[in-house]
Amino acid sequence: MTARRPWYTVLYIQVLIAIALGVAIGHLYPDFGKALRPLGDGFIALIKMMIAPVIFCTVVHGISSMSDLKQIGRVGIKTLFYFEAVSTLALVIGLVVGEVLQPGAGFNLDPAAMNQGAVNTFVEKAKGESIVAHLLAIIPNSFIGGLANGDLLQVLLVSILTGFAISRMGELGQKAAGAIEVAAKIFFAIIKIIVRAAPIGAFGAMAFTVGNQGLGALVNLGYLIVCFYLTATLFVLVVLGGIAWLAGFSIIRFIGYIKDELLIVLGTSSSETVLPHMMQKMEHLGASRSVVGLVIPTGYSFNLDGTNIYMTLATLFLAQATNTPLTLGQELGILAIAMLTSKGASGVTGAGFVTLAATLAIIPDIPIASLAVLLGIDKFMSECRALTNLIGNGVATVVISRWEGELDVDKLHETMAHPITVGEELETAPV
């Protein structure tokens, strides 16, 4: 029997303490809290540095080791179908909650008094994010362009092509696949070192957020924040919980299994900081490497459940806050537009706000200047978006693996019954 680890060495406890300290420092010493921003930015940069090579190695090795290459296309179609269905449901739920709870009613916001300049950056980003432009942007300028820029979809495209090529090279391809597997182990060993700095990153990011925005922002727009967090929680427990139940596992146990990653996301406000860990944890849970390699990176661009809920809920909030009446037809139009814009700005920094700006740019009735009222709380909202997105992509990976017959069900239940920590998982999980 192994000795119990001291509580203070457990990563998620360290992250929790760091988050609490960050909030306290940001509130009590806001200037000092804002000065701690490099700690959070540095940790996120370190993790992002490893995302592209990890995805490349995982996907290439997974595809090159598959005997049935038709499975890749089959998994891809099932993945996109699942993403579209669940994402649309998230948009509908945000719309319904906004109509029922009326979070913007009585706000009486005057768009003319808002700072238009504060939202111009997001509006300009949104203008260049059409569906066609986004699809063309998936193709990198060079083979290593996607790897150098860290664009997930570009890396995924290059990885799939490389995996197919290696699978057709016979004995030479097997040697190449072996070399890539060794490289993957090296990259995950580097991540194991970086992840120990997660508490420092969470501390700096949280101190900056509270110091820069202040807890007063939570009070001023508290009802909208409560509505969004409540809606996201219900979506996870009811919708994703129902999907998980149909797939044969408990959403509560699944959340417990990825608690380390959720706390890191909470502290850094970015789901990308745990992408490599999620890929390994999903494999350790019993999902096949090839499915994990396709679903997780694609989901980070096309399965943004939290972002979708926020888009329609925030759009109705702004309509109500500016006293802009909307008919049922207009609300259905918002839904249709959001189905497109939610895919158009994925992978962009501040994607949640960019997609909202893109939606309002197409809807002339709601003054786009009203977006400025949400700037103060967007950092707090982005945490909930990222958490919901992460859980949604994890559930999608397990569901599609089972759908494809590539899930080790016994391993799934055994792993959830005896969860592991990040450090243990990076040491023992197969690559």
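Residues numbered from 1 in each chain as written. Predicted model: local features only at pLDDT ≥ 70, side-chain atom pairs only at ≥ 80, totals over all residues. Heavy atoms only, no water.

1. Thoughts on the overall build of the chain
Consideration 1: When helices and strands are counted, the chain shows 23 helices and 0 strands.
Consideration 2: A buried classification covers 56% of the 431 residues belonging to the chain.
Consideration 3: Sequence separation of at least 24 residues holds for 85% of the intrachain contacts in the chain that already meet a minimum separation of 6.
Consideration 4: As presented, the chain carries roughly 17900 Å² of accessible surface, and 66% of it is formed by carbon and sulfur atoms. (Helix = DSSP H or I, 4+ residues; strand = E, 2+ residues; numbered from the N terminus. Buried < 20%, exposed > 50% of the residue type's maximum accessible area, 1.4 Å probe, protein only. Contact = heavy atoms within 4.5 Å. Areas by Shrake-Rupley, 256 points an atom, 1.4 Å probe, with all protein chains shown as cover.)

2. A short note on the nonpolar core
Consideration 1: Counting residues in hydrophobic clusters, the biggest one holds 115 residues, and the most contacted among them are Tyr-82, Leu-240, Phe-249, Phe-254, Met-282, Leu-374 and Val-395.
Consideration 2: Every residue in contact with Met-282, bar those within four places of it in the chain, is listed here: Phe-254, Tyr-257, Ile-258, Ala-287, Val-292, Ile-296, Gly-394, Thr-397 and Val-398.
Consideration 3: Formed by 5 residues, the second largest nonpolar core is a distinct cluster that contains Ala-18, Ile-25, Phe-203 and Ala-207. (Core = buried A, V, L, I, M, F, W, Y, C linked by side-chain atoms within 4.5 Å.)

3. Comments concerning the environment of Val-23
Consideration 1: Counting through the fold element by element, Val-23 comes out in helix 1 (residues 11–28).
Consideration 2: In this structure the C-alpha to C-alpha distance between Val-23 and Thr-209, which are 186 residues apart in sequence, comes to 8.2 Å.
Consideration 3: Sequence-distant contacts of Val-23, that is, excluding residues within four places in its chain, are made with Met-206 and Val-210.

4. Notes on unusual backbone geometry
Consideration 1: Notably, Gln-102 is not glycine yet its phi reads approximately 50°, a positive angle.
Consideration 2: Positionally, Gln-102 belongs in the loop between helix 4 (70–101) and helix 5 (117–127).
Consideration 3: If you check the backbone angles, Asn-323 has positive phi at about 55° while not being a glycine.
Consideration 4: Summarising the element assignment, Asn-323 is placed in the loop between helix 17 (305–321) and helix 18 (328–344).

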